[in-house]
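Summary of the model geometry
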Amino acid sequence: MVITRERRTTGTGVSVARPDGVPKVRGEFAFASDLWMEGMLWGHTLRAPHAHARIVSIDPSGALRVPGVHAVLTADDVPGRATFGLVVPDQPVLAGDVVRFAGEAVAVVAAEHPELARQAAAAIRVEYEPLAPLVDAELALGAEPIHPDGNVYRQLVIRRGDAAAHGPIAVEGEYEVGMQDQAPLGPEAGLAVPADDGGVELFVATQYLHVDREQTAAALGLDPQLVRLTLGGVGGAFGAREDISLQIHLCLLALQTRRPVKMVYSRAESFVGHVHRHPARIRLRHEADRDGRLVRVEGRMLLDGGAYASTSVPVLVNAMSFAAGPYRVPTVDVEGIVVRTNNPPCGAMRGFGAVQACFAYEAQMDRLAAACGVDPVELRLRNAMGPGDEFIFGQRAGASFPLRETIRACTRHPLPEPPVQSREAGAADLPGASGRTTEEHDVRRGIGFAVSVKNLMFSEGHDDLSTAHCRLRDGVVTVTCAAAEVGQGFVTLVHQIAHEVLGVERVVVAPADTSIGDAGSTSASRQTWMSGGAVLAACEAVRDELLDRVARDHAVAAGSLAVRNGSIVGTDGSRGVDLRVEDAIRGVDLEATRVHRHRPTTPLDADGQGEPHVAFAVAAHRAVVDVDVELGLVRVVQVATAQDVGRVLNPLQALGQIEGGIAQGLGLAVMEEVILDQGHIRNASFTDYLVPTALDAAEVLVDFVEVPDPDAPLGAKGIGEPPTISSTPAIVAAIRDATGVPLRRVPVRPSDIVGPSSGS
Amino acid sequence: MADPLSYRIRVNGQSHDVCDAWIGESLLFVLRERLGLSGAKNACEQGECGSCSVFVDGQLVCSCLVLAATVPGAEVVTIEGLTAGGGTALTDVQQAFLDEGAVQCGFCTPGLVMTVHDLLERDTLPSELAVREALAGNLCRCTGYGRILAAVARAASGRAGTNRDSAR
Amino acid sequence: MVDVNFARRRPSSVIALHNVGELRERSVGDVGVTIGAGVTYTELQDRELATAVPALAQAARTVGSPQIRNAGTIGGNIGTASPAGDTLPVLVALDAVVDVQGVGGTREVPIDELFTGPKRTALAAHEVITAVRVPPCRGPQEFLKVGTRNAMIIATVSVALVLDRDARTVRVGLGAVGPVALRAVEAERFAEATIDWDDPVRSADATLLTGFADRVADAARPIDDHRSTAGYRRHAVQILARRALQRACSHG
């Protein structure tokens with residue numbers, strides 16, 4: 001695509017440079033793991049070696065004898081609420097009587113050196129009575145509860161239409177999605193500093209400062225005002241930082257030792273220290289008429305939530321909402337359950353439930369197309385929802401729902417050229433690359449297509465508002481908002497909005513902290529819409545006050561002035577007042593705080609009907625793969641996409657989001673899985689948890705479909721999640737096309753492709 | 001822990017005394033926690049991600065896999081040493097990363113900048129596949145590498161242009 | 001170092017060898033190739049070594065990343081004795097000899113006697129590997145490695161094949177399909193007897209290729225682990241063996 005669409009260099013719609021770009025390329029940007037303070041101690045966490053066990057006793061005396069150790073804390077040392085959790089507080093801050101997953105935190109220590117802290121943790125003697133772990137989600141329903149809250153987080157049905165309606169063409173399949181890890185490059189890290197007023201300052205990499213504060217303050221037994229959080233530089237998030245990891249532990253240690261305490265998880269610890277994408281088993285039956293128009297969808301979804309609730313409930317609501325995708329379906333009967341097991345807890349990851357559903361429904365759409373003898377793209381167009389059409393949960397798509405346009409735009413991208421010359425073994429663009437497994441004649445090319453839909457913002461009645469403050473003084477705008485910048489570029493957007501509204505070049509984005517009101521989570525594709533909306537409103541309020549004052553000072557009618565190109569001019573274009581913004585009202589702070597709220601939503605009713613979601617975004621992906629069919633090796637050659645973005649605010653950043661999201665979708669398609677054995681993670685490292693390298697990432701072609709959403713403050717939709725959702729099924733469809741193997745599970749392993757011929 | 005040891009290492013042209021260190025400390029740890037040079041990042045501590053890439057005697061290596069106590073006598077260059085003099089000076093590679101939108105969270109960025117400098121020193125106009133292979137040891141979780149490849153292409157063509165100009 | 005970072009080892013002393021120049025020497029001559037233990041994977045791909053022992057260079061290219069190849073050494077790969085060590089099937093196929101030095105003097109250990117199990121060697125506690133020597137060998141060499149990612153990957157299966165046209169021998173080494181890098185002796189004997197050494201291109205028919213590949217698969221002793229399954233490994237080693245021999249024969 002062509003990035004530069006106009007010659008403007010600032011404002012929205014232009015590829016403005018990131019304000020944090022220079023320090024980041026120079027290595028000077030302070031990530032949470034880079035924080036350092038004179039006299040600080042190092043924290044370390046002792047974690048349970050069992051997936052399920054009763055704690056008989058904990059003896060910390062060995063740890064206390066290690067020189068340089070300043071604190072050893074266990075469950076008994078948690079002064080406030082003993083548990084935390086995003087939706088329900090069901091997870092112990094430190095396990096006291098029972099551990100429910102392998103890697104659960106049991107004790108924390110603080111010492112002068114990280115190696116001493118590790119040694120001290122190893123010297124804590126914990127006696128466990130191992131219990132049988134519940135690791136099969138299917139068995140969780142009938143099993144003895146492994147937690148006082150029971151083994152079912154939520155069970156729901158979506159039922160609508162004529163129950164007796166059936167179609168002459170039916171396809172049925174069972175699909176499985178493995179456990180994916182967000183694997184942000186930056187490990188969990190933070191620094192807690194005890195304050196003189198009995199409170200604590202916490203610098204931490206997180207997605208959601210205010211909910212961290214709420215949970216931390218509860219555990220510490222402190223007034224939330226005494227727990228002050230500031231965002232440390234965040235090395236990627238993707239859902240992994242929405243839950244509490246080390247926040248409470250750090251504050252406990254700092255308050256106990258009266259010293260600053262820093263903690264950084266190792267990669268192995270990170271794998272048990274944050275939640276994962278829910279593994280899912282999904283059975284779907286699609287019935288259609290002979291033209292492929294859907295008549296009925298029924299099925300069942302089972303999600304493994306792991307040991308604690310985290311966001312399991314909303315993940316299931318999303319998965320169920322999109323059980324049939326963005327298609328018109330008159331009759332629906334789907335059941336969904338998310339259960340508790342002794343596997344690692346699952347929660348938020350980019351795509352949040354929509355990923356699992358999409359892999360299943362898009363595989364079904366391909367099978368239906370084959371059964372009806374209809375082209376897969378045509379089948380999707382025939383069933384595609386448009387504005388005003390009802391989802392299976394009864395809500396209508398809004399005015400911005402350009403699904404057909406998106407599908408068509410995606411198909412218009414050029415296909416990759418066939419290789420100019422026959423590639424030899426070792427060519428880096430062949431499957432197996434430098435492994436020299438594969439030559440041109442071993443390769444079959446396949447093409448696959450998939451479509452997705454995702455809700456934006458929190459659902460089912462959540463009022464996930466955002467707050468922003470804007471101050472203008474002598475031509476410098478300072479914007480404060482607690483929205484967490486995790487790499488997505490929100491700080492750039494703040495610059496763009498402030499510049500566009502107030503016309504000044506000098507924009508300061510204040511550190512995100514809890515001194516201002518809640519901005520909600522950097523998740524659910526919501527910050528551009530919600531915090532972008534709050535920043536816009538705050539900047540507009542300041543601009544309006546500025547214009548009012550200037551109008552008064554110049555004795556012109558209120559409302560007759562506007563800001564254009566950094567100047568205050570008449571709305572009629574007259575130059576009656578022609579004043580640079582930085583020269584107007586000097587020496588005075590003009591400021592405003594504004595809260596943005598989205599329209600209210602409702603919980604699903606007993607039949608799974610309601611108005612649960614705020615807004616939607618759709619995307620389409622077409623994947624081209626080269627497969628060495630004999631060995632089952634895959635190289636994704638190209639992923640072409642069109643995405644419904646509402647409006648492009650920063651083309652370069654939007655492109656980066658989409659390319660990055662596709663790489664994560666590619667990872668789930670062909671390599672990424674947390675492998676569990678009786679609840680223990682077998683591949684908790686970057687050696688064995690494989691994320692795509694530069695040689696695995698595909699060429700990406702992007703087209704933005706711009707139909708501004710009238711409800712969106714900037715017309716723009718969040719764009720982070722859709723690329724991750726339908727890229728996975730498109731790639732798997734392409735592998736099916738190349739190999740003829742049904743492939744019902746992701747990630748697709750080489751052994752899945754070679755199948756029975758492998759003799760296994 | 002074993003008896004503490006003290007030694008002197010050279011980083012970015014300057015000598016630094018490392019005092020009372022544990023022998024098991026990696027070069028990455030010493031750079032970050034003892035010398036305050038936190039540009040090299042810790043993301044995997046086993047050489048799988050490239051975030052900690054530095055030059056030791058001109059060789060690009062993962063500093064997490066180098067025992068710091070073995071480094072005396074060698075010249076270490078970190079991301080901080082690429083633009084000596086401080087301020088806001090940028091190398092051509094760093095500028096290209098900004099121009100092409102190759103930076104998101106930025107955690108992998110210093111390591112990638114080091115790797116791209118190493119690549120372009122050895123191969124002035126690498127093919128896209130050669131770039132992909134050279135960057136395969138630097139994991140990026142945000143960008144999907146598209147903008148990074150564009151940045152490398154921009155930096156490489158910039159150098160080619162400079163060479164052409166100087167050849168005239 | 002990874003073990004130290006992960007607190008699996010806590011050294012009280014360390015001997016640094018990277019400044020011992022003798023360990024970084026290499027020579028290519030009529031008596032074969034000698035490679036110092038401190039020669040890096042990057043250096044194994046230098047023109048002279050890559051011409052003399054192409055399969056070793058091919059294997060070295062698949063090790064990790066540029067950063068790893070700059071730091072990692074062939075001596076380290078041998079000493080670690082991982083069943084998946086990338087150069088090991090090549091060294092096994094080349095009948096390499098490892099020079100070992102200890103407090104009691106020096107000794108030579110044939111490579112297939114050095115490995116006693118996964119990550120276990122016949123080295124005594126006081127011994128270090130100083131060099132590895134490869135006898136002269138004229139003929140095509142192939143190294144193929146399967147992993148589940150297109151770069152930066154530990155071998156799921158690897159195969160090294162060395163044809164010695166003068167001695168009319170076939171040697172095959174297998175990686176990641178046994179506790180140590182394995183030889184497939186039956187397959188070697190079969191191939192040696194079946195190849196038309198005067199016209200290898202023509203002799204590369206289904207009888208030769210399939211017979212060889214089947215025998216290689218029989219020699220494999222793969223296991224299930226978190227990286228792959230025994231069934232897939234046995235399947236893949238067969239495919240790799242067939243492709244390796246086909247390519248080697250096509251060199252004429």
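Residues numbered from 1 in each chain as written. Chains lettered and ligands numbered in written order. Predicted model: local features only at pLDDT ≥ 70, side-chain atom pairs only at ≥ 80, totals over all residues.

**Structural notes on the overall build of chain C**
Counting its regular elements, chain C contains 12 helices and 11 strands. Taking 2.2 N^0.38 as the reference for a compact globule, 252 residues should give roughly 18 Å; the C-alpha atoms of chain C span a radius of gyration of 18 Å, in line with that estimate. Taking the principal axes of its C-alpha atoms as reference, chain C extends roughly 60 × 45 × 30 Å. Residue burial in chain C is summarised as follows: out of 252 residues, 56% are buried. A separation of at least 24 residues holds for 61% of the contacts in chain C among residues at least 6 apart in sequence. (Helix = DSSP H or I, 4+ residues; strand = E, 2+ residues; numbered from the N terminus. Rg over C-alpha atoms; globule rule 2.2 N^0.38 Å. Buried ≥ 20, exposed ≤ 12 C-beta atoms within 10 Å, placed from the backbone. Contact = placed C-beta atoms within 7 Å.)

**A few points about the overall build of chain B**
Secondary structure assignment for chain B yields six helices and five strands. From first element to last, N terminus to C terminus, chain B shows the α and β order β-β-α-β-β-β-α-α-α-α-α. Against the 2.2 N^0.38 benchmark of 15 Å for 168 residues, chain B shows a C-alpha radius of gyration of 17 Å, consistent with a compact globule. Each principal axis of the C-alpha atoms in chain B carries an extent, and together these give about 55 × 35 × 25 Å.

**With respect to the interface of chain A and chain B**
Between chain A and chain B, the residue contacts involve 54 residues of the former and 45 residues of the latter. Of all elements in the fold, only helix 1 (21-26), helix 3 (114-122) and helix 14 (651-670) of chain A reach the threshold of two or more residues within the side of chain A that touches chain B. The greatest single-element share of the side of chain A that touches chain B, amounting to eight residues, is contributed by helix 14 of chain A.

**Some words on the sheet that holds strand 24 (residues 579-580) of chain A**
All names here are of chain A. With respect to topology, three strands assemble into an open sheet ordered 22-23-24, the strand pairing being antiparallel. If you trace the sheet from one side to the other, it starts and ends with strand 22 (561-564) and strand 24, each paired once. Bridge count between strand 23 (residues 567-570) and strand 24: two bridges; the pairing is antiparallel. What sits directly across from I568, in strand 24, is L579. (Pairing = 2+ DSSP bridges.)

**Some words on the confidence of the model for chain C**
In this model, chain C carries a mean pLDDT of 95, and residues with pLDDT of at least 70 account for 100%. The complex prediction reports pTM at 0.97, with the ipTM value standing at 0.97. (pLDDT = per-residue confidence, 0-100.)

**What about the domain arrangement of chain B?**
Residues and elements named next belong to chain B. Under the domain assignment, chain B is made up of domain 1 (5-82) and domain 2 (90-161). Put simply, the middle of domain 1 and the middle of domain 2, counted by C-alpha atoms, are 22 Å apart. Each side of the interface is counted separately: domain 1 has 13 residues, and domain 2 has 13 residues. Where the side of domain 1 that touches domain 2 is concerned, the elements lending two or more residues are strand 3 (53-56) and helix 2 (79-82). For the side of domain 1 that touches domain 2, the per-class residue count stands at eight nonpolar, four polar and one charged. (Domains from an automatic or database assignment. Nonpolar A, V, L, I, M, F, W, Y, C, P; charged D, E, K, R; others polar.)

**Observations regarding the packing of helix 9 (residues 185-194) of chain C against helix 11 (residues 206-219) of chain C**
Residue and element names in this part refer to chain C. One can describe the packing of helix 9 onto helix 11 by two numbers: an axis separation of 8 Å at closest approach and a directional angle of 165°. By the angle between their axes, helix 9 is roughly antiparallel relative to helix 11. Considering the relative orientation of helix 9 and helix 11, their crossing is right-handed. Packed against helix 9, whose contacting residues are E186, A187, F190, A191 and T194, the element helix 11 presents T207, L208, G211, F212, R215, V216, D218 and A219 at the interface. Of the residues that constitute the contact of helix 9 with helix 11, the class distribution is seven nonpolar, three polar and three charged. (Axes fitted to C-alpha atoms, helices over the stretch in contact; angles between N-to-C directions. Parallel < 35°, antiparallel > 145°, perpendicular 65-115°, else oblique. Left-handed = near helix turned anticlockwise from the far one by under 90°.)

**Section: the interface of chain B and chain C**
For an interface, size is often stated in terms of accessible area lost upon the parts coming together. The interface of chain B with chain C comprises 25 residues on the first partner and 21 residues on the second. Elements with a contribution of two residues or more to the side of chain B that touches chain C: strand 4 (59-62) and helix 5 (128-134) of chain B. Tallying contributions element by element places strand 4 of chain B first for the side of chain B that touches chain C, with four residues. Residues that form the side of chain B that touches chain C fall into these classes: 11 nonpolar, 10 polar and four charged.

**Considerations on helix 14 of chain A**
Between its terminal C-alpha atoms helix 14 of chain A stretches 29 Å, which fits the 28 Å expected from 20 residues at 1.5 Å a residue. Most of helix 14 of chain A sits inside the fold, with 20 of its 20 residues counted as buried. (Expected span 1.5 Å × (residues − 1).)

**A closer look at the pairing of strand 2 (residues 53-59) of chain A**
All names here are of chain A. Two elements, strand 2 and strand 6 (residues 98-99), share two bridges in a ladder whose sense is antiparallel. Paired with R54 across the strands is V98, a residue of strand 6. Note: strand 2 against strand 8 (residues 125-130), six bridges, orientation antiparallel. Counted as the bridge partner of D59 is R125 from strand 8.

**A closer look at the nonpolar core**
With 408 residues, the main nonpolar core has V109(A), A323(A) and V216(C) as its most contacted residues. If sequence neighbours within four positions are ignored, A323(A) has contacts with I158(A), V297(A), G299(A), M301(A), V334(A), A357(A), Y361(A) and I392(A). (Core = buried A, V, L, I, M, F, W, Y, C linked by C-beta atoms within 7 Å.)

**Remarks on helix 3 of chain A**
Residue and element names in this part refer to chain A. Burial of helix 3 is extensive: eight of the nine residues sit out of reach of the surface. By the burial criterion, the buried members of helix 3 are P114, E115, L116, A117, R118, Q119, A120 and A121. In this fold, the buried residues of helix 3 make contact with strand 1 (41-47), helix 2 (61-64), strand 3 (69-73) and strand 7 (105-111).

**Some details on the environment of C49(B)**
Mapped onto the secondary structure, C49(B) falls in the loop between helix 1 (27-34) and strand 3. Residues C49(B) and N138(B), spaced 89 residues apart in sequence, show a C-alpha to C-alpha distance of 5.0 Å.

**Some points on the sheet that holds strand 10 (residues 169-175) of chain C**
Residue and element names in this part refer to chain C. The antiparallel open sheet is built from four strands, whose spatial order is 8-9-10-11. The sheet terminates laterally at strand 8 (141-146) and strand 11 (182-183), the two strands that pair on one side only. Note that strand 9 (residues 157-164) and strand 10 share seven bridges and pair antiparallel. Bridge pairing links L163 to V170 in strand 10. Contacts between helix 12 (residues 230-250) and the sheet are confined to strand 8, strand 9 and strand 10, with strand 9 contributing the most and set at about 30° to the helix.

**A look at the pairing of strand 2 (residues 14-21) of chain B**
It is a general feature of regular strands that their side chains alternate between the two faces of the sheet. The element strand 2 of chain B is barely covered by neighbouring structure, given that only zero of its eight residues are classed as buried. Counting the residues between successive antiparallel strands, the hairpin from strand 1 (residues 5-11) of chain B to strand 2 of chain B contains two residues, one of them, N12(B), with a positive phi of roughly 50°.

**Description of unusual backbone geometry**
With an omega of -5°, the peptide bond between V746(A) and P747(A) qualifies as cis. Mapped onto the elements, P747(A) comes out in the loop between strand 31 (745-746) and helix 16 (750-754). Even without being glycine, D95(C) reaches a positive phi, approximately 55°. Along the chain, the position of D95(C) falls in the loop between helix 7 (88-93) and strand 3 (97-102). Here D95(C) falls in the buried class, since 20 other C-beta atoms lie within 10 Å of it. For M152(C), which is not glycine, the phi torsion reads 50° and is therefore positive. Counting through the fold element by element, M152(C) comes out in the loop between strand 8 and strand 9.

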